[in-house]
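Descriptive analysis of the structure
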Amino acid sequence: MHAWALFDVEDTCVDAVFQAALRAAHASADPPLGSHVLAFWAIAAY
């Protein structure tokens, strides 16, 4: 949510925040969350 909010406010993809979210999803063993992070990251990078 933090990365997406930054994207809305700054109109730029904040890769470091998406990377942190992806690492958190991996650390918590939550593949669906990781998939959502990657999907939103792809949309923001597009």
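Nothing here was measured: the structure is a model prediction, and the numbers come from that model.

Attention now goes to the overall build of the protein. Secondary structure summary: the protein contains three helices and zero strands in total. Going residue by residue from the N terminus, the α and β elements of the protein occur as α-α-α. Seen through its principal axes, the protein has C-alpha atoms that stretch 30 × 15 × 15 Å. A buried classification covers 24% of the 46 residues belonging to the protein. When the accessible surface of the protein is split by element, carbon and sulfur atoms take 66% of a total near 3400 Å².

Further remarks concern unusual backbone geometry. Even without a glycine there, the phi angle at alanine 29 is positive, about 55 degrees. Among the secondary structure elements, alanine 29 is positioned in the loop between helix 2 (15-27) and helix 3 (31-45).

Enumeration according to the criterion identifies one aromatic pair in this entry. Summarising the aromatic geometry, the rings of phenylalanine 18 and tryptophan 41 are spaced 5.7 Å apart at their centres and angled 5 degrees between planes, so their arrangement reads as stacked. Pair noted here: phenylalanine 18 is in helix 2 and tryptophan 41 is in helix 3, with a separation of 23 residues, a long-range link. Take phenylalanine 18 and tryptophan 41: they sit in the same class, and that class is buried.

Note on helix geometry: an α-helix contains 3.6 residues per turn, so any two residues three or four positions apart are oriented the same way. For helix 2, spanning 13 residues, the distance from its first C-alpha to its last is 18 Å, which sits close to the expected 18 Å at 1.5 Å a residue. Val17, Phe18 and Ala25 are the residues of helix 2 that are buried. One side of helix 2 carries all its buried residues, which in axial view fall inside an arc of 100 degrees. Facing away from the buried side of helix 2 by more than 90 degrees, the exposed set consists of Ala16, Arg23, His26 and Ala27.

Rules of the game
Residues numbered from 1 in each chain as written. Predicted model: local features only at pLDDT ≥ 70, side-chain atom pairs only at ≥ 80, totals over all residues. Heavy atoms only, no water. Helix = DSSP H or I, 4+ residues; strand = E, 2+ residues; numbered from the N terminus. Buried < 20%, exposed > 50% of the residue type's maximum accessible area, 1.4 Å probe, protein only. Areas by Shrake-Rupley, 256 points an atom, 1.4 Å probe, with all protein chains shown as cover. Phe/Tyr/Trp six-rings, centres within 6.5 Å; stacked < 30°, edge-to-face > 60°. Expected span 1.5 Å × (residues − 1). Arc of directions from axis to C-beta.

Just geometry here; none of it tells us what the structure is for.
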